[in-house]
Amino acid sequence: MQKKIGRLFSRIQDLVVVQSIRFSLITMIPILMIGSFFLVAASIPIDGYQNVISTWNNGALLHIFEGIYNTTFGMLSIYTAATVGYHYGNLYVRRERNFGHVTLLLSLSSFFVLSGVPDVTMDVFGAKGMFTAIVSACIASRLFISMFQRIHHKTLLTDGADVRLGMALQTIFPAAITIGIFVVVNMVILRVFDVSSVYELIIQTLNGMFTYIKGDLWRGLCFVIVSSVLWFFGIHGGNMLEGVSNDILLKATEKNILLVSQGKEATEILTKQLIDFFVLMGGCGTTMCLVVALLLFSKRNNTKQLVKISVFPMMFNVNEIMVFGLPIIYNTTFLIPFLCTPLVCFLITYVSMKTGLVPLITQDVQWTTPIFISGYKATGSLAGSFLQLVNLCVGVAIYAPFVKRYDKEKVRVAKQDYEKLVSKLQESEQTRIPVRLTDDAFPYGWMGKALAADLQLAMEQQELKLYYQPQYNANGKCIGAEALLRWNHVIHGNIYPPLVFQLAEEAGFLETLEEWVVRKAAADIQLLREKYPDPKLKISVNVTGTTIQLKTFERFLRNLARSYPVREMGMCIEITEQAVLQLDDVLNERFHQIREMGYQLAVDDFSMGSTSIQYLTGSYFNLLKLDGSLVKGILDNPRCCEIISSIIQLTNSLEMMVLAEYVSNAAIQEKLLELGCELYQGWYYSPAITLPEFEKLLQEN
């Protein structure tokens, strides 16, 4: 049953509608963060603070806070309609073409139709209109794409015309049909139900439900359930039930305050403050409990970073960052605790106040008052704060197993996508067709971006390691090693090394990463030299063709040579060809300068790159490393032997050394020796090992 439910939830998560909503919420995180912090700034419940921001310079600070809030949360539905439509259209880019920009505009148009534009108030464009925005965007995008795919399109412009204009003209007819359908449906709804907008119809329906419910217990349960369900689907439950809150909950608070002022006992249990401070602690879904559960039980760094960002506004019951950023809405993993936790907290609170364990609420406390303070002020007793603590602990216990499940599911999906990402890169390496792994249009681009961010953080926190793969001569003596970067990811384990450099290049910090590798290798070599002063021992470090062409990297090597005796250390720069090298006078002069600094130069994967043969025209390189595919095929493919033999003869005449990588067994080593190659590297001799292990190997050797 658990596996069936898991598969069902996975299918729901994979729906285009759910994915587009989730991507939309991620896109809006900056807006949500800005709006949340300035909402908190305007609502901190300290009388002196409120007096300052409302009076200083005629209320300039308060106007600024409210202005930023109005342009973020005040326009949240517009941003939602636009981003949901955009991402919905983009999900079809691999199926036919990219519809994102068209569906964005259609989603906005459809949302405005259902909202009753132009005869509306600005409230419709804030959080209150979220549901209308999501429905409009999803239906409009799906309608347009279906229409476009069913209509036969002819070339509307002659050759040589702007292709983009032609594509835009092809969308006119399906776009017109889509908007027309929304206008007609909206007109029918307005006339049948006698309302001014679909939004008004939703409000009337929700508020009308509570006129038939009797008793505080059932009204409270119904209010909590409806509010939580609305929030789960991206609808601001508090705003949608504002009529119920004003007519029932606020009046109950006012009645209690009046009774106490007359020296009488308070009688009303169900109040707005009960819902705000004892049930929805931290906001909808009692998300304060979720935050604590994430801090205690989640092992994912990304999740904990989100918690750290959202915890401050959540102290003041502003939880939009967590709700939309995790996200909680449309997240089936958290559906059960999101609905159950507020219900359990309400029942505990209701019973506690009904039995007299906790005093009834007799103070009108501002909704942004933090937990524990709010419980004490609302009830006038520490019992109120203790009740909040009990509810918090119970809520954490409810959320805990679902947090663990969420972590496992995220790890499972991430591992699958990582394997697919590596497979795509390996395919690119074989076909020599470039691929951008962090591109939004790429199926696993989000994984590429996430790994690139993790890589940059790992580099800053010194979590990357250098391993050394020993190199041997024909006599079995270790003559050096190649420094190899290794990254042990907390989820994916050891990351495929070429992927590390590909991600760094796409994210724009490849040069920084390679400088780190060279600097770290230089420090390690100096330690080795102090113990093993063999002048023939050399350590090679990989540098991509992209980086070696940069003037800034040449400057880095020069500064490094001033700090370390690179000539005496036998440090070798091994150039790999991720990019096409422009072997012009400028680059030849750069090679000359690097040699003058004391570095040796080597060519990696010789014979397969686009510029390999051109390396032989200069006298800058000491060593050529045979391409691994040639070495691997040496026993089965006679042509590999012929190519290797030709390379060795050519390099001998040019007084250059040749080293073979991927020497995995004795047969390959013997064949290479027969062809004249006397330097080797590979698993037959040793895998890449840590620096202490390499020191031990040198001592034994």
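Shown above is the structure to which this text applies.
Residues numbered from 1 in each chain as written. Predicted model: local features only at pLDDT ≥ 70, side-chain atom pairs only at ≥ 80, totals over all residues. Heavy atoms only, no water.

(A) Focus on the overall build of the protein. Tallying secondary structure elements over the protein gives 32 helices and 10 strands in all. Relative to its length of 701 residues, the protein is extended, with a C-alpha radius of gyration of 33 Å against a globular reference of 27 Å. With 701 residues in all, the protein has 50% of them scored as buried. Long-range contacts, defined as pairs at least 24 residues apart, comprise 70% of the intrachain contacts of the protein with a sequence gap of at least 6. With the model as given, the accessible surface of the protein reaches about 33,200 Å², and the carbon-plus-sulfur share is 59%. Here the protein holds 58 positive side-chain charges and 60 negative ones, and the gap between their average locations is 7 Å. (Helix = DSSP H or I, 4+ residues; strand = E, 2+ residues; numbered from the N terminus. Rg over C-alpha atoms; globule rule 2.2 N^0.38 Å. Buried < 20%, exposed > 50% of the residue type's maximum accessible area, 1.4 Å probe, protein only. Contact = heavy atoms within 4.5 Å. Areas by Shrake-Rupley, 256 points an atom, 1.4 Å probe, with all protein chains shown as cover. Lys, Arg positive; Asp, Glu negative; His and termini not counted. Charge placed at Lys NZ, Arg CZ, Asp CG, Glu CD.)

(B) Representation of the packing of helix α15 (residues 272–279) against helix α19 (residues 335–354). Interaxial distance between α15 and α19 falls to 10 Å at its minimum, and their mutual angle equals 120°. Between α15 and α19, the angle falls in the class oblique. Viewed along their axes, α15 and α19 form a crossing whose handedness is right-handed. Contacts between α15 and α19 involve L274, I275, F278 and V279 on the former and, on the latter, P342, C345, F346, T349 and M353. Residues that form the contact of α15 with α19 fall into these classes: eight nonpolar, one polar and no charged. (Axes fitted to C-alpha atoms, helices over the stretch in contact; angles between N-to-C directions. Parallel < 35°, antiparallel > 145°, perpendicular 65-115°, else oblique. Left-handed = near helix turned anticlockwise from the far one by under 90°. Nonpolar A, V, L, I, M, F, W, Y, C, P; charged D, E, K, R; others polar.)

(C) Summary view of the packing of aromatic side chains. Tallied over the entire structure, the rule returns 19 aromatic pairs. Taking 6.0 Å as the distance between ring centres and 40° as the angle between the ring planes, the aromatic pair formed by F144 and F148 counts as tilted. Of this pair, F144 and F148 both sit in helix α8 (residues 130–150), four residues apart, which is roughly one turn of that helix. Comparing F144 with F148 shows no difference in burial state: the two are buried. Ring geometry for F591 and F621: centres 5.2 Å apart, planes at 70°, overall edge-to-face. Linking F591 in helix α28 (residues 585–597) with F621 in the loop between β7 (600–606) and β8 (623–626), this pair joins segments that are 30 residues apart in sequence. For the pair F591 and F621, a shared accessibility class is recorded, and that class is buried. An aromatic cluster of three or more residues is present, and its members are Y472, Y680, Y684 and Y685. The aromatic ring of Y662 is capped on one face by K632, whose charged end is 4.4 Å from the ring centroid. (Phe/Tyr/Trp six-rings, centres within 6.5 Å; stacked < 30°, edge-to-face > 60°. Lys NZ or Arg CZ within 6 Å of the ring centre and 35° of its normal.)

(D) How the structure looks around the packing of helix α2 (residues 16–27) against helix α3 (residues 29–43). Interaxial distance between α2 and α3 falls to 5 Å at its minimum, and their mutual angle equals 50°. As judged from the angle between their axes, α2 and α3 are oblique. Every residue of α3 that contacts α2 at L25, I26 and T27 is listed here: I29, P30 and L32. Looking at the contact of α2 with α3 residue by residue, the class counts come to five nonpolar, one polar and no charged.

(E) Representation of the nonpolar core within the structure. In this structure, L499, L672 and F694 are the most contacted members of the largest nonpolar core, which totals 90 residues. Apart from residues no more than four positions distant in its own chain, L672 is found in contact with L626, V631, I634, I644, A660, V663, C677 and Y680. Grouped together as the second largest cluster of nonpolar side chains are 52 residues, V84, L91, I145 and F324 included. (Core = buried A, V, L, I, M, F, W, Y, C linked by side-chain atoms within 4.5 Å.)

(F) Up close: the pairing of strand β2 (residues 478–486). Most of β2 sits out of view: eight of its nine residues are buried. Strand direction decides the pairing type here: strand β1 (residues 465–473) and β2, joined by eight bridges, are antiparallel. The partner of L466 across the bridge, within β2, is L485. Following β1, the chain reverses through four residues before pairing antiparallel with β2; G476 in that reversal takes a positive phi of roughly 85°. By the bridge criterion, four bridges tie β2 to strand β5 (residues 538–544) in an arrangement that is parallel. When the sheet's bridge partners are listed, A481 is paired in β5 with I539. (Pairing = 2+ DSSP bridges.)

(G) The pattern of salt bridges, seen in detail. Counted under the stated rule, the structure contains 11 salt bridges. For E268, the salt bridge is made with K255, and the minimal N-O distance between the two is 3.2 Å. Of this pair, E268 sits in the loop between α14 (242–261) and α15 while K255 sits in helix α14; the two residues are 13 residues apart in sequence, bridging distant segments of the chain. The exposure class of K255 is partly exposed, given its relative accessible area of 42%. Notably, a salt bridge pairs R412 with E409, separated by 2.5 Å at the nearest N-O pair. Of this pair, R412 and E409 are both found in helix α21 (residues 382–431), three residues apart, which corresponds to roughly one turn of the helix. On the basis of relative accessibility, which here comes to 35%, the residue R412 falls in the partly exposed class. (Salt bridge = Lys/Arg side-chain N within 4 Å of Asp/Glu carboxyl O.)

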